[in-house]
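# Structural overview
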Amino acid sequence: MIKPSPLQIHFIDVGQGDACLIITPHQHSILIDTGGSINSDFDIGSYVDLPYLHHYGINKLDYLILSHADADHSGGASSILQKIPVNHLIITDEDKNLYAKILKLPLNNPLLTKAIVAKETLLLIRRYSFPISSNDEKENLKSSNDSSNVLKLTYHNFSVLFTGDLPQTQEKYLLNKNIASTILKVAHHGSKTSSSQEFLEHVRPQLAIISVGKYNSFGHPSKEVLDRLNNLPTKILRTDEKGAIVIYTDGYNYSLKTFLN
């Protein structure tokens, strides 16, 4: 019997931002966020994301999912959409003008008009489920971070929770959901405004991944969040210390590879 390929989850080193590539055993490809910079003209889509995708043989994306419209999560999307086919674009229920600006597209562009606005839904790709949660408490949303999509990838007994930049004020709406996960992509690069103790105790991850830029000016990740994770206890890996972090799993056990010592 031929052993199936593992499910791969790549936490790409995009500096102070988020980008996660998922490659399923049946070669479906999903990119969650792209990284990007608020105060720089550096084209992370062209010079980091696309070379990374091509290195792993990805010449198209089945899904491009943007957790929210902030530049450090969506800034590379424009170049990706221009240079490789993307079957489905998933965005949050934010002002379309924000996405038109970050994607560098006119509002009537088909890619934008046909974009899927995430609601409480379940995206199924063969045996891999992606519950997508979007906060409908619109009166409480004060920033793009508040609108962050939250996705849980489940494959057999293995799961990963992707949290965008979700702050503690919005985490409480997820406490009645099944958010327990093997791996947690820590929200907002380890900011102390996210990852409350109660939330982390509900997730109880074996491994926490923090996507963060080296010597960033925000002080991420915060000591408070690192202490909360260590108190669980949870193993912590950071892209500023390890470079790209790749998880391989058959749905029951997992292994990982990092690219810096």
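From a predicted model like this one, the values you see are computed outputs, not experimental measurements. (Residues numbered from 1 in each chain as written. Predicted model: local features only at pLDDT ≥ 70, side-chain atom pairs only at ≥ 80, totals over all residues. Heavy atoms only, no water.)

## A short note on the confidence of the model for the protein
Taken over all residues, the pLDDT of the protein has a mean of 88, while the share at 70 or more is 89%. Across residues 134-139, where pLDDT falls below 50, the model places 11 contacts with residues more than four positions away in sequence or in other chains. (pLDDT = per-residue confidence, 0-100. Contact = heavy atoms within 4.5 Å.)

## Observations regarding empty space enclosed by the protein
For the coordinates displayed, the defined rule picks out one cavity of 30 Å³ or more. A volume near 40 Å³ is recorded for the largest cavity. What lines the largest cavity is simply D18, C20, I32, D33, S67, F162, T163, G164 and K185. In terms of residue class, the lining of the largest cavity is made up of three nonpolar, three polar and three charged. (1 Å grid on protein atoms, 1.4 Å probe; cavity = no way out; pocket = protein on both sides within 12 Å on 5 of 7 lines; lining within 4 Å. Points joined across faces, edges and corners; volume = space filled by probe spheres on them. Nonpolar A, V, L, I, M, F, W, Y, C, P; charged D, E, K, R; others polar.)

## As for the environment of I236
Along the polypeptide, I236 turns up in strand β13 (residues 235-238). The spacing of I236 and A208 is 28 residues in sequence and 4.9 Å in space, taken between C-alpha atoms. Those residues in contact with I236 that lie beyond four places of it in its chain are A208, I210, L226, L229 and N230. (Helix = DSSP H or I, 4+ residues; strand = E, 2+ residues; numbered from the N terminus.)

## Let's talk about the pattern of salt bridges
Within this structure, the stated rule accounts for five salt bridges. Between K185 and D18 there is a salt bridge, with the nearest N and O atoms lying 2.5 Å from each other. Placement of the pair is K185 in strand β11 (residues 183-185) and D18 in the loop between β1 (7-11) and β2 (20-23), with a sequence separation of 167 residues. When sorted by exposure, K185 lands in the same class as D18, which is buried. A salt bridge links E241 to R238; the nearest nitrogen and oxygen atoms lie 3.5 Å apart. Judged by relative accessible area, E241 falls into the partly exposed class, the value being 41%. By relative accessible area, which is 16% here, R238 ends up buried. When salt bridges that share partners are traced, they join R238, D240 and E241 into one network. (Salt bridge = Lys/Arg side-chain N within 4 Å of Asp/Glu carboxyl O. Buried < 20%, exposed > 50% of the residue type's maximum accessible area, 1.4 Å probe, protein only.)

## Observations regarding the packing of aromatic side chains
Under the definition given, this model contains four aromatic pairs. Pairing Y52 with Y56 gives two aromatic rings, centres 5.0 Å apart and planes at 35°, and the pair type is tilted. Of the residues examined, Y52 reaches a relative accessible area of 14% and is grouped as buried. (Phe/Tyr/Trp six-rings, centres within 6.5 Å; stacked < 30°, edge-to-face > 60°.)

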